[in-house]
Amino acid sequence: MKVFDDATRAPSWANSQPWEIYVAAGETLEELRSAYLQSYENGEPGQQEMPVPKEWPDYIQERMNQAYAASFKAMGIERDNQEAREANWKNNFAFFNAPVAVFLCLDASLTDWSILDLGHLGQSLMLAAKAHELDSTPAASSVSNPAHLRRILDIPESQKIVVGIMLGYADEDHPYNQTRSTRVPLEEVIHFRGI
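About the thresholds
- Residues numbered from 1 in each chain as written.
- Predicted model: local features only at pLDDT ≥ 70, side-chain atom pairs only at ≥ 80, totals over all residues.
- Heavy atoms only, no water.
- Helix = DSSP H or I, 4+ residues; strand = E, 2+ residues; numbered from the N terminus.
- Polar contact = N/O pair within 3.5 Å; in protein donor to acceptor, adjacent residues only side chain to side chain.
- Core = buried A, V, L, I, M, F, W, Y, C linked by side-chain atoms within 4.5 Å.
- Buried < 20%, exposed > 50% of the residue type's maximum accessible area, 1.4 Å probe, protein only.
- Contact = heavy atoms within 4.5 Å.
- Salt bridge = Lys/Arg side-chain N within 4 Å of Asp/Glu carboxyl O.
- Pairing = 2+ DSSP bridges.
- Lys, Arg positive; Asp, Glu negative; His and termini not counted.

1. Points about the environment of Ser 109
Working step 1: Positionally, Ser 109 belongs in the loop between β2 (100–107) and α5 (112–131).
Working step 2: Ser 109 sits 41 residues away from Tyr 68 along the chain, and the two C-alpha atoms are 35 Å apart.
Working step 3: A polar contact of 2.6 Å, which involves the side chain of Ser 109, links it to the side chain of Asp 107.

2. Comments concerning the nonpolar core
Working step 1: By size, the foremost hydrophobic cluster in this structure holds 20 residues, and its most contacted members are Leu 32, Phe 95, Phe 103, Leu 149, Leu 153 and Ile 155.
Working step 2: Where this core is concerned, the elements lending two or more residues are β1 (19–25), α2 (26–41), β2, α6 (146–153) and β4 (159–168).
Working step 3: Considering every element that reaches this core, the biggest residue donor is α2, with five residues.
Working step 4: Those residues within four positions of Phe 95 in sequence are excluded, and the remaining contacts are Leu 29, Leu 32, Arg 33, Tyr 36, Phe 103, Ser 142 and Met 166.
Working step 5: Counting residues in hydrophobic clusters, the runner-up holds 18 residues, among them Leu 104, Leu 106, Val 162 and Leu 167.

3. Things to note about the pattern of salt bridges
Working step 1: The tally for this structure, following the rule as stated, stands at six salt bridges.
Working step 2: Of the charged contacts, one joins Arg 151 and Glu 31 as a salt bridge, the two residues approaching to 3.6 Å between their closest N and O atoms. Residue Arg 151 is found in helix α6, and its partner Glu 31 is found in helix α2; the two are separated by 120 residues along the sequence.
Working step 3: Note that Asp 135 is salt-bridged to Lys 130, the shortest N-O span being 2.6 Å.
Working step 4: Three or more residues joined by partner-sharing salt bridges are found here, namely Glu 49, Arg 150 and Glu 157.

4. Side note on the pairing of β2
Working step 1: Summarising burial for β2: six of the eight residues are buried, a large majority.
Working step 2: In this structure, β1 lies alongside β2, joined through seven bridges in antiparallel fashion. Of the residues in β2, the one forming a bridge with Val 23 is Val 102.
Working step 3: Two elements, β2 and β4, share eight bridges in a ladder whose sense is antiparallel. Within β4, the residue paired with Leu 106 across the bridge is Lys 160.

5. Remarks on the side chain of Asp 117
Working step 1: Counting through the fold element by element, Asp 117 comes out in helix α5.
Working step 2: As a buried residue without a salt bridge, Asp 117 has its nearest oppositely charged side chain in Lys 160, at a separation of 13 Å.
Working step 3: Within polar-contact distance, the side chain of Asp 117 engages the backbone nitrogen of Trp 13 at 3.0 Å.

6. Considering unusual backbone geometry
Working step 1: The backbone of Glu 133 sits at a positive phi, close to 65 degrees, despite the residue not being glycine.
Working step 2: Mapping Glu 133 onto the fold places it in the loop between α5 and β3 (135–139).
Working step 3: By relative accessible area, which is 65% here, Glu 133 ends up exposed.
Working step 4: We note that Asp 154 has phi near 60 degrees; this positive angle belongs to a residue other than glycine.
Working step 5: Mapped onto the secondary structure, Asp 154 falls in the loop between α6 and β4.
Working step 6: Relative accessible area serves as the criterion here: at 63%, Asp 154 is assigned to the exposed category.

Given below as structure tokens:
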């Protein structure tokens with residue numbers, strides 16, 4: 001509760017605090033894991049409620065490709081080893097074996113401004129977790145099957161399911177945690193004017 005108390009101090013437009021937060025653990029989270037893994041095994045396509053880009057601008061896609069390559073290298077997965085890549089991808093649908101999954105939602109009538117507020121909350125949640133000696137990871141894949149989330153967590157249709165954040169303690173020895181994503185030079189993303 002301390003993590004959530006700190007996180008919900010996040011700023012929002014006119015103090016609207018538009019977020020709805022669903023937390024799953026224990027048997028409830030195991031039921032979600034099982035449902036997601038079964039859907040994955042059945043080859044059911046994911047369908048997030050937030051629109052995702054159909055394609056990324058080349059320079060952004062290149063950043064993503066570099067991150068994927070570094071991750072696969074840390075995992076010891078060769079580029080053409082599709083079987084190993086699929087097995088690795090399956091971890092997403094097990095919620096990385098985290099003991100707690102948090103799902104952030106908004107009233108479906110709200111606009112992008114409130115999604116920005118929800119982003120503030122998500123970042124604040126991850127920082128608050130770290131301040132309380134927990135680790136976290138946001139996972140778009142965790143909201144790829146809203147039907148399971150709605151059924152198991154009793155999320156009403158009037159709310160849009162936006163993102164999931166896994167909470168727990170990092171396995172520092174796991175290959176996932178052996179690499180850090182790079183950042184582009186500041187000169188590429190900051191555009192000073194009048195300074």
